[in-house]
Structures are given as C-alpha cells and as structure tokens.
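# Examination of the molecular architecture
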Amino acid sequence: MNLGLMGGTFDPIHSGHLVVAEEVRIGFGLDKVVFIPSARPPHKPGTVVTCPEHRYAMALLATASNPCFAVSRVEIERPGPSYSIDTVLHFREKDPDGKVFFVTGADAIAEILTWKDPAGLIQMCDFIAVTRPGYDLDCLRSLKQRLGTDLWSRIHIFKATPVDISSTEIRRRLSQGLPVRYLLPDQVLDYIIKVGLYRG
Ligand code: ATP
Ligand code: MG
C-alpha cells in the first residue's frame, strides 16, 4: 500500500488541505491519504490551539465523502509532544511492506531541520513538498544545501493548484464576522457554528 500522511494542526481543516491531498494522491498513485491532527504541536509553543477532539471531528467531517481519505487519532492518543518521526514509525510498523510518503506544504518542509531527528525521519519515508501560495520554492534552496544530495533526493516537489487559504486567515475572518463559506467544507463550517469555535 502507498500511504500518504498529512500532518498538521488543522485548526480548522480547509479546502487548501483537501485540494493538495487529492492532487498528491492522484499524482503519486497513493492508495490512501491519512490526515493526522497533532495533539500538541511542538513547533507552535505558546500558541493557543483548539482542543484536539474538535480538530479531529472537523477533519472527519471534511474527509467523510472521499473513500481514499482517512483521519488518524495516533497523535491525539500518544502522550507527549507530537513528533512526526514517531508517527511515521507507527504507520511503518502497521504495514512493513508498504511505502509511506509524508506530505507537507513548502512552508512546513522548509522548517524540517527544527523537527525531531530530521535525518532519521527523511531516511524513513519519502517527502512530498507541495507548493503553497506565498511560500517561494527558493526557501527550499538552503534546505537542499543543508540536507545534502542523499537526503534531498527523498524530497519530491509537487506543484499543486495554488489555493491561497490558511487556517490562520479563516480563524481571523471568523473572529471578525467575515464570510468563510467555501473556504472550507460546509459540514466543517456548520460544526464551527454549532459548537461556537473561533468567535474571538
Ligand atoms: P495555520 O495558519 O494555523 O498554520 P495552515 O493553513 O498552515 O494553518 P496547517 O494545519 O498548519 O494549516 O497545515 C498542515 C499542512 O498542510 C502543512 O504541511 C501545510 O504546509 C499544508 N498546507 C496548509 N494549507 C495549505 C495550502 N493552502 N496549500 C498548500 N499546503 C497547505
Ligand atoms: Mg501552518
């Protein structure tokens, strides 16, 4: 099985995440893309993140209609900070003969050297670095130099349809009463309104 893993805070999940996941799934012939909401993002210390159960519920609602999408609770259930390397190990152990691709936006991969054991992580799975509006691929040039040829060869750059949406912008718009409809699935927006998230 070719598995795509897409980690993130998904606070909330939006159409940018979904477009990227679907294009990568088809582009790389993945059997499944698993969205993995992080419980305690180690790289976002100090920021207030919505409770994991709400982020998990929104991810479930957003992906329910796609049989090739799934949502994993692995990082929510695991105590301590959510390290990607532990997550990749988990999925590799579940399917030792399968192939794992870790999918990130260009902004996230550019910071991979700040993650836990980046070299070990890159040796463990292939990476798909997806273009994202506002993040020039030039920012990956220094990463290429620092990783060296071997590790860099495991990072595949993928040009996705540019969707200039971020969770930060959606939270900001919601807190100001601005419209967000169609920036994220209707079911997710209904849930946000129902439980009263992001009201500022
Ligand atoms: P925030 O603004 O809170 O950081 P976000 O929109 O960046 O939210 P994350 O949950 O941080 O969403 O992102 C999860 C993954 O999806 C990251 O690898 C990120 O780079 C990628 N991603 C998010 N939005 C887009 C987008 N519009 N285009 C391409 N990649 C994206
Ligand atoms: Mg982000």
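In case you missed it, the structure is sitting above this.
Everything numeric in this text was worked out from a predicted model, so none of it was measured.

Rules used in this analysis
- Residues numbered from 1 in each chain as written.
- Chains lettered and ligands numbered in written order.
- Predicted model: local features only at pLDDT ≥ 70, side-chain atom pairs only at ≥ 80, totals over all residues.
- Heavy atoms only, no water.
- Axes fitted to C-alpha atoms, helices over the stretch in contact; angles between N-to-C directions.
- Helix = DSSP H or I, 4+ residues; strand = E, 2+ residues; numbered from the N terminus.
- Parallel < 35°, antiparallel > 145°, perpendicular 65-115°, else oblique.
- Left-handed = near helix turned anticlockwise from the far one by under 90°.
- Contact = heavy atoms within 4.5 Å.
- Nonpolar A, V, L, I, M, F, W, Y, C, P; charged D, E, K, R; others polar.
- Near = heavy atom within 4 Å.
- Polar contact = N/O pair within 3.5 Å; in protein donor to acceptor, adjacent residues only side chain to side chain.
- Areas by Shrake-Rupley, 256 points an atom, 1.4 Å probe, with all protein chains shown as cover.

Glancing now at the packing of helix H2 (residues 52-63) against helix H9 (residues 186-195). Taken N-terminus to C-terminus, the directions of H2 and H9 make an angle of 150°; their axes are 8 Å apart at the nearest point. It follows that H2 is roughly antiparallel to H9 by the angle criterion. Here H2 runs over H9; the crossing is right-handed. Within the contact between the two elements, H2 uses His54, Ala57, Met58, Leu61 and Ala62 and H9 uses Gln187, Val188, Tyr191, Ile192 and Val195. Here the residues of the contact of H2 with H9 are counted per class, giving eight nonpolar, two polar and no charged.

Taken together, 22 residues lie around ligand 1, and Gly105, Asp107, Val163, Ser167 and Thr168 are the ones closest in. At 2.5 Å from an oxygen atom of ligand 1 is found a side-chain nitrogen or oxygen belonging to aspartate 107. Between ligand 1 and serine 167, the relevant distance is 2.9 Å, taken from an oxygen atom to a main-chain nitrogen or oxygen of the residue. Against a free-state accessible area of 590 Å², the protein chains account for coverage of 91% of ligand 1. Among the elements of the structure, strand S1 (2-8), helix H1 (15-27), strand S4 (99-105), helix H5 (106-109) and helix H8 (167-175) are those that each provide at least two residues to the shell around ligand 1. When grouped by side-chain class, the residues that make up the shell around ligand 1 number six nonpolar, 12 polar and four charged.

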